[in-house]
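Each chain, letter by letter, is given below.
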Amino acid sequence: MSTNSVDIAIIGGGLVGMPLALALDQAGWQVALLEQSVAVSPPADSLDQRCTALSAGTQQLLHSWSLWSAVAADSSAINRVHISQRGYFGATRLCAAEAGVGALGHVVENRRFLADLHPLMQDSGMDCLSSADVSHVSADSQSSTVYYRTPAGDASLQARLVIAVDGVASRIRESAGIGVRQVDYQQAAVLGMLEVDRPHDQVAYERFTEGGPLALLPRSTHQAAFVYCIEPDAQSTMEQLSDSAFLQHLQSQFGYRLGRFRRLGPRTVVPLVRIEAQRQIGSRLVLLGNAARLLHPVAGQGYNLAMRDAAALLRFLSGEHNFHNELLVPAQSQRVADPGDGTLLQAFAASRIADQQRVVRLTDTLARGFRGRAAAPSHLRALGLMGLDTVAPLRQQFAQHSMGLTG
Ligand SMILES: Cc1cc2nc3c(=O)[nH]c(=O)nc-3n(C[C@H](O)[C@H](O)[C@H](O)COP(=O)(O)OP(=O)(O)OC[C@H]3O[C@@H](n4cnc5c(N)ncnc54)[C@H](O)[C@@H]3O)c2cc1C
């Protein structure tokens, strides 16, 4: 059993853990990242993609952490959003230029995103432990001990703060005795990639159909990621349809704006649930990402919210907030002495509640709004589906457009 000591141990090298580890390392913290799997490889087939829509805020955050340039090449900008309803004339169009932003958002492929960040991890000074399966964590007043297993045997690590970003089934959350609240929306979403005849010109589409809302997010010129919300009674039918029959069904819902739908990648059906940790912090412990909160996936909000949480934690650790002052008056930036200090963690968690509650309310509105086969367009729903609600000028602009469309 080997024992090392670091400032901060991050458990989970996923979409939140890896960029956060890099940002903390850059900020001068001694970081160890423990990930149970080996390094991810990007998908071999371009239609085998699992995509995430990043808001403009998340893109700016990655840029400020000097990480955007590593992932930008594979990202696809959303320059316009087109919202329509099947069977109704007219559409709402939103444009990045009109909203005064470079892009309304960007779509990335999850495994490619991690693979693109991997070389930065290797070049950094941090301890990157792959195939390190963490079993549990214990804390005392001075530090935490992280117990993990590698192919070489059992090991442990001392850290002053543990950040658990080990996903929705977080073992660390469980070992800390933090329970979860769960809401089952009794709905499902079909997700996948398709190839289309006409170039999408970086337009994201949101179409309200009798089958349910369907979003198409731009990837390479002729490829788009789709999210299709369905009612539970349609789930087994959608799962049993052959690829060509499913493609035909999607085409009938979407129409021919992008020409013929040509090819379909693997599709996944996910239940629509919300799972939230009862507390975000424990003794020398912070839960982030899906370990803290899994949101209705069609809302496209989970990652963007998790990254705002991560950015706030980084600011607290950097001493950019005077956490002893309830008003959070910016203090002179000086890294805190103890990253696991209980008062600091409480101030961090308290500072995030308003944003988290706002997103959960939005998600619930979306979930209710998506119900039924004749869901009418609303600015909340469409922006939520794209994960773009954080673009304030766009929200305003869309609210106006939406009123024009529905009024
Ligand atoms: C279908 C779907 C679509 C989505 N689309 C969007 C979107 O468009 N926009 C958006 O903002 N959000 C979206 N989200 C949410 C987004 O995917 C999540 O917010 C994000 O994946 C959370 O990342 P994470 O790092 O917390 O967890 P994960 O990505 O699940 O990473 C957890 C990591 O921890 C590792 N791990 C687990 N247990 C251990 C252990 N015991 N020891 C060591 N390592 C461990 C795992 O191997 C994994 O690498 C979507 C979610 C889903 C399910």
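Residues numbered from 1 in each chain as written. Predicted model: local features only at pLDDT ≥ 70, side-chain atom pairs only at ≥ 80, totals over all residues. Heavy atoms only, no water.

A. A look at the packing of helix H1 (residues 17-26) against helix H5 (residues 110-123). Taken N-terminus to C-terminus, the directions of H1 and H5 make an angle of 25 degrees; their axes are 10 Å apart at the nearest point. If you check the angle between H1 and H5, you find them roughly parallel. The crossing of H1 and H5 is left-handed. In this structure, H1 contributes Met18, Pro19 and Leu22 to the contact, and H5 contributes Phe113, Leu114, Leu117, His118, Leu120 and Met121. Counted by class, the contact of H1 with H5 contains 8 nonpolar, 1 polar and no charged residues. (Axes fitted to C-alpha atoms, helices over the stretch in contact; angles between N-to-C directions. Helix = DSSP H or I, 4+ residues; strand = E, 2+ residues; numbered from the N terminus. Parallel < 35°, antiparallel > 145°, perpendicular 65-115°, else oblique. Left-handed = near helix turned anticlockwise from the far one by under 90°. Contact = heavy atoms within 4.5 Å. Nonpolar A, V, L, I, M, F, W, Y, C, P; charged D, E, K, R; others polar.)

B. Focus on the site of the ligand. Around the ligand, 28 residues are found, and the nearest of them are Val16, Glu35, Ala53, Asn290 and Tyr303. Val16 is positioned such that a nitrogen or oxygen atom in its backbone is 3.0 Å from an oxygen atom of the ligand. In the model, an oxygen atom of the ligand is placed 2.8 Å from a nitrogen or oxygen of the Asn290 main chain. Relative to its unbound accessible surface of 1000 Å², the ligand loses 81% to contact with the protein. Elements supplying a minimum of two residues to the shell around the ligand: strand S3 (51-55), strand S9 (133-139) and helix H9 (302-317). The residue makeup of the shell around the ligand, split by class, is 12 nonpolar, 12 polar and 4 charged. (Near = heavy atom within 4 Å. Polar contact = N/O pair within 3.5 Å; in protein donor to acceptor, adjacent residues only side chain to side chain. Areas by Shrake-Rupley, 256 points an atom, 1.4 Å probe, with all protein chains shown as cover.)

C. Fine view of empty space enclosed by the protein. Throughout the structure, instances matching the rule amount to 1 cavity of 30 Å³ or more. Here the largest cavity defines a volume of roughly 50 Å³. Along the walls of the largest cavity sit Gly289, Arg293, Leu295, Gly302, Leu305, Ala306 and Asp309, which together make up its complete lining. Among the elements that take part in the lining of the largest cavity, H9 stands out by supplying 4 residues, more than any other. (1 Å grid on protein atoms, 1.4 Å probe; cavity = no way out; pocket = protein on both sides within 12 Å on 5 of 7 lines; lining within 4 Å. Points joined across faces, edges and corners; volume = space filled by probe spheres on them.)

D. Layout of the pattern of salt bridges. Going through the model one piece at a time under the given rule, you end up with 20 salt bridges. Across the pair Arg111 and Glu109 runs a salt bridge whose closest N-O atoms are separated by 3.2 Å. What makes Glu109 buried here is its relative accessible area of 1%. One salt-bridge network, in which partners are shared between bridges, spans Arg274, Glu276, Arg293, Arg308, Asp309, Arg352, Asp355, Arg358 and Asp364. (Salt bridge = Lys/Arg side-chain N within 4 Å of Asp/Glu carboxyl O. Buried < 20%, exposed > 50% of the residue type's maximum accessible area, 1.4 Å probe, protein only.)

E. Up close: the nonpolar core. Ranked by size, the top nonpolar core spans 47 residues in total, and within it Ile10, Leu24 and Trp65 carry the most contacts. At 10 residues, H9 tops the list of elements feeding residues into this core. Beyond its immediate sequence surroundings of up to four residues, Leu24 is in contact with Ile8, Ile10, Trp29, Val31, Ile163, Leu314 and Leu317. (Core = buried A, V, L, I, M, F, W, Y, C linked by side-chain atoms within 4.5 Å.)

F. View of the sheet that holds strand S7 (residues 105-109). The strand order across the open sheet formed by 3 strands is S3-S7-S4, and the pairing between neighbours is antiparallel. Each having just a single partner strand, S3 and strand S4 (76-78) make up the two edges of the open sheet. Ignoring which end each strand starts from, the neighbouring axes of this sheet average 30 degrees apart. As judged from the 5 bridges shared by S3 and S7, these two strands associate in the antiparallel manner. In the strand pairing of S7, Cys51 is matched with Glu109. Relative to the sheet, helix H2 (residues 56-64) contacts S3 and S7, its axis offset from that of S3 by approximately 85 degrees. (Pairing = 2+ DSSP bridges.)

G. Broad picture of the layout of surface pockets. Approximately 220 Å³ is the volume attributed to the second largest pocket. Breaking the lining of the second largest pocket down by element, the ones donating at least two residues are strand S17 (268-277) and helix H10 (342-369). Of all the elements, H10 adds the most residues to the lining of the second largest pocket, at 5 residues. Here the residues of the lining of the second largest pocket are counted per class, giving 4 nonpolar, 4 polar and 4 charged.

H. Highlighting helix H8 (residues 243-254). Under the 1.5 Å per step criterion, the end-to-end length of H8 is 16 Å for 12 residues, consistent within 8% with the ideal 16 Å. Buried residues of H8: Phe246, Leu247, Leu250, Gln251, Gln253 and Phe254, and no others. The arc that holds every buried residue of H8, seen down its axis, measures 160 degrees, which confines them to one face. What points out from H8, more than 90 degrees from its buried face, is the exposed set Ser244 and Gln248. In the segment just after H8, Gly255 is the residue with positive phi, at about 90 degrees. (Expected span 1.5 Å × (residues − 1). Arc of directions from axis to C-beta.)

I. Inspection of unusual backbone geometry at higher detail. Phi is positive for Ser66, close to 60 degrees, though the residue is something other than glycine. In this structure Ser66 comes out as partly exposed when scored by relative accessible area, which is 49%.

J. Geometry of H2. Looking only at H2, the buried set comprises Ala56, Thr58, Gln59, Leu61 and Leu62. The inward-facing, buried residues of H2 abut H1, S3, helix H3 (68-71), S7, H5 and H9.

K. The pairing of strand S13 (residues 203-208), seen in detail. A large share of S13 lies buried, amounting to 6 of its 6 residues. Pairing between strand S5 (residues 80-85) and S13: 6 bridges, direction parallel. Of the residues in S13, the one forming a bridge with Ile83 is Glu206. Judged from the 4 bridges that link them, S13 and strand S14 (residues 213-218) form a sheet pairing that is antiparallel. The residue of S14 that forms the bridge with Arg207 is Leu214.

Functional significance is not addressed by these values, which are geometric in nature.
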